[in-house]
Structure formats: structure tokens, C-alpha cells
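Spelled out, the chains give:
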Amino acid sequence: MLEKLFQLKAHGTTVRTEVLAGVTVFLTMAYIIFVNPMMMADAGIDPGAAFVATCLAAALGSLVMGLWANYPIALAPGMGLNAFFSYTVVGSMGYSWQVALGAVFISGLLFFLLSIFKIREWVINSIPLPLRSAIAAGIGLFLALIALKSAGIVVDNPATLVGAGDMTQPGPMLAALGFMVIVALAYRRVTGAVMIGILLVTGISLLAGFTRTDGLVSAPPSLAPTLLQLDIRGALDVGLVSVIFAFLFVDLFDTSGTLIGVAQKAGLVDEKGKLPRLGRALMADSSATMFGSLLGTSTTTSYVESAAGTAVGGRTGLTACVVAALFLLSLFLSPLAGAVPPYATAPALFFVAVLMTSGLVQVDWEDLTEAAPVVVTALVMPLTFSIANGIALGFISWTAIKLLSGRWRDLNPSLYVLSALFIVKLGFFS
């Protein structure tokens, strides 16, 4: 049955190898079951329900990717987009989390339609590579600011906007320890480095009496507080257009980049360099986003950590199915998830930020018409606490600077259209 479903022999792999790859991928991305509920709770969502929604969305997304697209790529609620959901759409813009979930659903539906009608290639090719790198880096800096705030290292200061917290407190010290441990383990290529860092800080916190837990295993919490609570009608408000676009845009590029990168490393591209069943993979991702919003979590997307599984031999969807099974088993770990303090997940966020900002090396810093919009995009996101603002001002500055510099040949029609829409949005629907 497994051979028929996944064509193991044709891909030069075995059940044992695929199971090992699945376990490896799960360990590298399991930190999301601790981080995401905490972020969703900051938006007012019940943390227990968010924990269940996170596990179920990851399980279903990975299962569909494995069974339908037959790719060794796992899915879960995406880092960066969950921060945008909680701290920008709900926190700064003042929308309810129900409306924010509606925006996630609409973005997933649009992604699904783009995949069906094969418009994805046109959208991706129309956006300059430096601008894509800037968006990823900006999300990374956004996560870094959230991490420093959660750890108590950066605090509010009425005179200077931000300032340094009390570094003698347990939170900042344990967060710093966790970050250094994660980086060192990742450098040594230890599987599950991020997970180990989170559990280490949590363990120290429990032993020192800073936090407490009621156990490690229990029945899953109720999903009732978030199940089908999304407000799609409210999300159709014109002021949320840029929010929906930000969810769609980031998910589209994140998913496409992950699929291409992981497939190339695994040798799954054909002789023309194209990915077979790409449409199925994209529809699996967009379907998971819609399903996750129905359950009560932010955008579900493909995880680049899946490359850890291909590194140990994972080549088929069986790898993703193993990850799905492990996420289902994680449903019974809710007491452990509830015992993880914010300063234990902060190192994980900061480490992800480091990985996301690395894309800036692809920018031609000698070309000011590219370097300036990149810096605008990357810095506006954390400083305005909004991914949408960063994307909008990035597009506007890219187009305006190219035009004023006489480099109009570098632009394409979609850049003009998107920049005009963002100007209208910022000017009239801010």
C-alpha cells in the first residue's frame, strides 16, 4: 500500500528512511506547538484552543501535502505571519481576532485560486528578487523585536520609544542562554536544536520555581472557543485589503521558495528544472491555510525545516505523513505547552529572525535604487509593527526611486499597479 501511494522504489527510498526523515523534520519544527499558541493568546484567543488548532492545522496540511502532492514537505502555522496576525492586525489595527481569521481564510482562498488558474508564476516573476529578500528580512527583524520584548530585554521607554530592560532578571538571562544554546547546537547540526533550547530554558525555569506545570500529558483542550469563529464578512472591510494581500503575498513567496529549495536539495525536479505536481503542492498549502483559519490559527504554510528530512533521505510524501502523525500525538502535550514561559520561546523567535535576515546578502548594495527600497522595507516592518506597512512602502519606494532615477525600464506593469493601490490604501484607508 505504501509503495502504491508514495512510489518508494521509484524515488530510491525505504519506509525506514522515510520514517526517520519524518521524525527529523518534526523535531526541527515542533517548537511551533509552543510558540504559536502563545502568540495567538496575545491576540485574545484561548491558548488551549490555539494549541489544538496549531497541531490539527499542521497535521492536516502535512497529510494533504504527503498524500496528494507526494512531497516530503511539512506544514504548520507560519512564523512571522502569526506575529503579524496578533500584534498588527489585532494589536495595532484594533480588529478582532475573528475578523483577522476571516482575512486569513480569504487570503488562503485567493492563494487557492491563483494556484488553480496558474497565475502564481506571473505574480512571483513580477516582483524583483531584492524586494522579496527585503520582505523576508523585514519579517525577521519584526520577529526579533517581538523576541526581545518577550524576553524583557527591550522595554517601553517614553523618552526614547524603546530601552533596555533589567538584565539581572531571570527572563533576560535565561532567554540569552537559550539563544546561545540554540545557535551552538544548530552550528553543530544537532537535530531539534530549537526544540532543545526551548525545553532547556523551560526545565530550568520549572526547577527554579519561576514557572509551574500540572503535568506533561493530558487530554487535548477544547477547540470550541475558536472553531468556526472566523468573521469573513468583517474581513471584507476595505481597510483590510492590504492585510489580506500581506497574508497572501508572504505565504505565496514563502511556500514557493520552500518548495523549490527543498525539492532541489532532494533531487525531485525534472530534467527541465521544474517541479512535478507543483499545482497540487500549492493547493495543499492554501487548503491548509483555509482549514487552519476555520480551526482558529493564522496562516499555515510550508516549512523550510523540511530540508532537514531530505538531508537524511526523505524523498516522498510518507515523510510528511509521519510528521502529521507526530503532530496529532502532540495534542496530548498541552500541559507542557502551557508551562513554557515567554522567555523560553523568545530565543526560538530570535533564531528564526537570524535565518530570515540572511537573505540580505543577495542585495546589490552598490545599486542605491535597490538598496534604499530594501532598507525601507526591512526597517518599516519592525518600527511600525506591521508587515503590511513594510510591503506597501517597499513597493512605493521601489517604483518611485526607479522612476526618478531614470530606471523605468526596470519596472513592469504589476509594480505600477501595486504601488498605486498601496498609495490609495495608505492615503485613504489607513
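Cut-offs and rules
Along each chain, residues carry numbers from 1 onward, in the same order as the chain's sequence is written. With the structure being a predicted model, the display of local features is reserved for residues of pLDDT at least 70 and the display and counting of side-chain atom pairs for 80 or more, all residues being used for whole-chain, interface and lining totals. Only hydrogens and water are removed before side-chain values are computed, so all heavy atoms of the structure are retained for them. A helix here means a DSSP run of H or I that spans at least four residues, while a strand means a run of E at least two residues long, and both kinds are numbered starting from the N terminus. Radius of gyration here is computed from C-alpha atoms only, and the compact-globule reference equals 2.2 Å multiplied by the residue count raised to the power 0.38. Each residue is placed in one exposure class: buried if its accessible area under a 1.4 Å probe, protein chains only, is under 20% of its type's maximum, exposed if it is over 50%, and partly exposed if it falls in between. By definition in these notes, contact holds between two residues if any of their heavy atoms fall within 4.5 Å. One less than the residue count of a helix, multiplied by 1.5 Å, gives the span that helix is expected to have. Only protein atoms enter the 1 Å grid used here, on which a cavity is any set of points holding a 1.4 Å probe that cannot leave and a pocket is any open set flanked by protein within 12 Å on both sides along at least five of seven lines; residues with an atom within 4 Å of a point are listed as lining. Grid points are joined across faces, edges and corners, and a volume is the space filled by probe spheres set on the points. Amino acids outside the nonpolar list (Ala, Val, Leu, Ile, Met, Phe, Trp, Tyr, Cys, Pro) and the charged list (Asp, Glu, Lys, Arg) are all regarded as polar, and Gly is one of them. Structural elements are reduced to axes, namely lines fitted to C-alpha atoms, with helices fitted over the stretch in contact, and the angle between N-to-C directions of any two is expressed from 0 to 180 degrees. An angle below 35 degrees is treated as roughly parallel, one above 145 as roughly antiparallel, one from 65 to 115 as roughly perpendicular, and anything else as oblique. Left-handed describes a crossing whose near helix is turned anticlockwise from the far helix by less than a right angle; the clockwise case is right-handed.

Undergrad: Before we move on, can you summarise the overall build of the protein with the specific residues and values?
TA: Across its full length, the protein carries 20 helices and four strands. For the protein, the C-alpha radius of gyration of 21 Å lies close to 22 Å, the compact-globule estimate for 430 residues. Along the first, second and third principal axes, the C-alpha set of the protein runs to 60 × 60 × 45 Å. Within the span of the protein, comprising 430 residues, buried residues form 54% of the whole. Residue pairs at least 24 apart in sequence account for 82% of intrachain contacts in the protein once pairs closer than 6 positions are excluded.

Undergrad: Which residues make up helix α6 (residues 97-116), and what values go with them?
TA: In a regular helix each residue adds 1.5 Å, so 20 residues correspond to 28 Å; α6 covers 29 Å between its end C-alpha atoms and thus fits that length. Along α6, 14 of the 20 residues are buried, which leaves the element largely enclosed by surrounding structure. Looking one or two residues beyond α6, the residue adopting positive phi is K118, at roughly 60°.

Undergrad: For the layout of surface pockets, give the residues involved together with the corresponding values.
TA: Of the pockets and cavities examined, the second largest pocket occupies roughly 380 Å³. In terms of lining, the second largest pocket is formed by 14 residues, of which the most central are L145, V154, V162, P382 and F385. Elements supplying a minimum of two residues to the lining of the second largest pocket: α8 (129-151), β2 (154-157), β3 (161-164) and α18 (368-384). Considering each element in turn, the lining of the second largest pocket owes the most residues, four residues, to α8. Grouping the constituent residues of the lining of the second largest pocket by class yields 11 nonpolar, one polar and two charged.

Undergrad: Hey, could you go over the packing of α18 against helix α19 (residues 387-404) for me, with residue numbers and the actual values?
TA: Taken N-terminus to C-terminus, the directions of α18 and α19 make an angle of 160°; their axes are 8 Å apart at the nearest point. What the angle tells us is that α18 and α19 run roughly antiparallel. Relative to α19, α18 is oriented so that their crossing is right-handed. Contact with α18, carried on its side by T369, E370, A372, P373, V376, T377, V380, M381 and T384, involves I387, N389, G390, I391, L393, G394, S397, W398, I401 and K402 of α19 and no other residues of that element. Tallied by class, the residues present in the contact of α18 with α19 amount to 10 nonpolar, seven polar and two charged.

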